[in-house]
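Structural characterization, general
Chain by chain, the residues run as shown.
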Protein chains: 2
Amino acid sequence: MNQSGMRGDRHLPPTDPPSLAERIRLDMESFTPSEKRAAHLLLSHYPFAGLDTVAEFASRAGISAPSVLRFVTRLGFGGFPDFQKHLREELEAQLLSPLAKASPSDKGQGAPALASFAEAVIGNLKATVENIAPAEFEAVVALLSDQRRHIHFTGGRFTGALARYAESHFRIVRSHVDFIEGQPALWRDRMIEIGRKDVIVAFDIRRYQEDVTALCETAAKQGATVVLLTDPWLSPIARVARHVLPAHIVAPSNWDSSAGLLLLTEALVATVTKRLWETAKPRMETVERLRNERS
Amino acid sequence: MNQSGMRGDRHLPPTDPPSLAERIRLDMESFTPSEKRAAHLLLSHYPFAGLDTVAEFASRAGISAPSVLRFVTRLGFGGFPDFQKHLREELEAQLLSPLAKASPSDKGQGAPALASFAEAVIGNLKATVENIAPAEFEAVVALLSDQRRHIHFTGGRFTGALARYAESHFRIVRSHVDFIEGQPALWRDRMIEIGRKDVIVAFDIRRYQEDVTALCETAAKQGATVVLLTDPWLSPIARVARHVLPAHIVAPSNWDSSAGLLLLTEALVATVTKRLWETAKPRMETVERLRNERS
DNA sequence: CAAAAGCTGTATCAGAAATTTCAGAACCTG
DNA sequence: CAGGTTCTGAAATTTCTGATACAGCTTTTG
């Protein structure tokens, strides 16, 4: 009986308002390239991007005005004013309704995976922030803001990318910054130069890598200050580290998430940049100028 | 010259949002009768009543269009468009930061900086997830799960680290994975081998890098499929990209945050790993065994 | 590889919207 | 109640926006 009902309830979204944004996401495939640009712009600043003029919208999206018009026409509106009116009404309805926020549970295949993954990552970030001792964070900032010291970044097979990311930013903010490959053969020789004025910033999460540990132990033995970014179970490097910043890493995946480590890294970059602004600003301008000249 | 502080607009109240509505309430007495009607209409449906046309607003308020114009002029705006723009911006600011109550008070201490930074990053992640088209994400997963294709990762000076991060994971999950340096000299030769069966996954956010764009354009010209992870303003690579995944990147820093890109990367890794589990599992075990043997 | 179809931007136009002008109405003020 | 001031709206004016036609280009298809 009632066959339609059987499959129907699997497709009909239980959520009330068939938001325009949702429709756009679903139809994204059928759009032409420039329509996709318009769609992305609109979704990224939904719905405010659409409340400006056609010219403004087109300019921001990097397409021409007629393309914008064709876009809104394809969405089923009679014209741009119609489109704007819809956005305003939707916005008003949404703003006046009490919750309305947490609804958009998309049905598709990819979305739930992405959404739940994101949720887990966000949980990690919150937990990470709460478990960082302010004094510890501040101490690391002070260390990295000391221009007389040399800063060396290193990491394991996955976290090495984060170390590189950190290095590529700090290299611009201040001098005496470099990256050390994890393989012993690559750093054994350089260890002769590591001393009391050096800082090793190591990234290491579980499946702790022996070569990174060895590097840090050697450096510490020579008097270097070791800063460790790791997981809550603490890499063995913690034994020789002056400062430890742990991040939560568990995600619904076969892999650990490094988002917390990235958060700490970026927060350190941001804070140190502000603290060294007087000297960092001219450096950044110079770098920018050199880049432009080259091209 | 240029004595800061002389500017007239310095009398900003210490309280955060000097909402227009508040000002109108305070100045209500000084309005003329028809201006009061305009003010009441605006406040009763704030701010949506002001987003319509002058004629509409005048009609609803029961006054004439010129009276509306005089009203907004008296409020200090250069014209009706200015007035509307202000309303939109105020609305957007209010809607986008239901969390960001604490304004970026740069007290310099470490912990608040970390907390507010984390809040911004979390906001970015949420916005990123909401603006990703499920079909787009799914399409990319399918592409990266196709074992017959070759996957190449690349990125700019900062995002290159993310590309490496992605590569170091996918390399273990499946075969035919590599990393391409951004510098043209390093990839020109390899381009000869790029064809229809190749997939280029490019990371590129603003200050878009010309060499990465050139790489993708060349690859696309040879028939490769280009996947782009970028910011909401879309790297020029979007022109040749089959799929685009934009991530929000604005943070209270002099630098952009790549957390959204990392989230997408890790979500892709997690999903593809699950999909290829049959073949990925033995691969991962083998990798693990080889690592242990070596040490 | 050629033809067809589709997509996109430039140039242009029509029309609507905001703004100004100005004369009359309402309201004080003495 | 007359003179002056302020306020208001109809109509004229100007600005600017959204819409369209068309041609070049890219991609697809046979």
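Residues numbered from 1 in each chain as written. Chains lettered and ligands numbered in written order. Predicted model: local features only at pLDDT ≥ 70, side-chain atom pairs only at ≥ 80, totals over all residues. Heavy atoms only, no water.

1. As for the pattern of salt bridges
Following the criterion strictly, the structure yields 27 salt bridges over all chains and no others. In this structure, the salt-bridge partner of Arg 148 of chain B is Asp 146 of chain B, at a minimum N-O distance of 3.1 Å. Using a relative accessible area of 60% as the deciding quantity, one classes Arg 148 of chain B as exposed. Three or more residues joined by partner-sharing salt bridges are found here, namely Asp 52, Glu 56 and Arg 60 of chain A together with Arg 88 of chain B. (Salt bridge = Lys/Arg side-chain N within 4 Å of Asp/Glu carboxyl O. Buried < 20%, exposed > 50% of the residue type's maximum accessible area, 1.4 Å probe, protein only.)

2. Structural notes on the interface of chain A and chain B
Chain A puts 72 residues into the contact, and the matching count from chain B is 78 residues. Interface area for chain A against chain B, summed over the two sides, is near 6,900 Å², with a carbon-plus-sulfur share of 66%. Broken down residue by residue, the surface that chain A buries against chain B is led by Phe 48, Leu 114 and Trp 255 of chain A, which jointly contribute 11%. In this structure, the connection of chain A to chain B is made through six salt bridges. Measuring nitrogen to oxygen at the nearest pair gives 3.8 Å for the salt bridge that ties Glu 288 of chain A to Arg 157 of chain B. Every element with two or more residues in the side of chain A that touches chain B is listed here: helix H3 (33-44), helix H6 (80-96), helix H7 (110-131), helix H8 (134-144), helix H9 (160-173), helix H12 (259-275) and helix H13 (277-294) of chain A. In terms of residue class, the side of chain A that touches chain B is built from 36 nonpolar, 15 polar and 21 charged. (Contact = heavy atoms within 4.5 Å. Buried area = accessible area lost by both parts, 1.4 Å probe. Helix = DSSP H or I, 4+ residues; strand = E, 2+ residues; numbered from the N terminus. Nonpolar A, V, L, I, M, F, W, Y, C, P; charged D, E, K, R; others polar.)

3. Re the protein's contact with DNA strand D
With respect to spatial proximity, 15 residues lie near DNA strand D, and among them Val 54 and Leu 69 of chain A together with Thr 32, Ser 34 and Ser 67 of chain B are the closest. Those atoms of DNA strand D that come within 4 Å of the protein belong to sugar or phosphate at a rate of 71%. Contact distances for DNA strand D include 2.7 Å between a phosphate oxygen and a backbone N or O atom of Val 54 of chain A. Measuring from a phosphate oxygen of DNA strand D, one finds a side-chain N or O atom of Thr 32 of chain B at 2.6 Å. (Near = heavy atom within 4 Å. Polar contact = N/O pair within 3.5 Å; in protein donor to acceptor, adjacent residues only side chain to side chain.)

4. Observations concerning the packing of helix H2 (residues 33-44) of chain B against helix H4 (residues 65-74) of chain B
All names here are of chain B. Put simply, H2 and H4 touch, their axes get as near as 9 Å, and they point 75 degrees apart. By the angle between their directions, the pair H2 and H4 is classed as roughly perpendicular. Along the contact surface, H2 presents Ser 34, Glu 35, Ala 38, Ala 39 and Leu 42, while H4 presents Ser 67, Arg 70, Phe 71 and Arg 74. Counted by class, the contact of H2 with H4 contains four nonpolar, two polar and three charged residues. (Axes fitted to C-alpha atoms, helices over the stretch in contact; angles between N-to-C directions. Parallel < 35°, antiparallel > 145°, perpendicular 65-115°, else oblique.)

5. Looking at the sheet that holds strand S2 (residues 177-179) of chain B
Residue and element names in this part refer to chain B. The five strands lie next to each other as S2-S1-S3-S4-S5, forming an open sheet whose pairing is parallel. In the strand order of this sheet, the two ends are held by S2 and strand S5 (243-246), each with one partner. On average, adjacent strands in this sheet sit at an angle of 15 degrees to one another, irrespective of strand direction. Relative to strand S4 (residues 225-230), strand S3 (residues 198-204) runs parallel, the two sharing six bridges. Residue pairing in the sheet places Phe 203 in a bridge with Leu 229 of S4. Contacting strand S1 (150-155), S3 and S4, helix H10 (residues 210-221) crosses the sheet at an angle of about 160 degrees to S3. (Pairing = 2+ DSSP bridges.)

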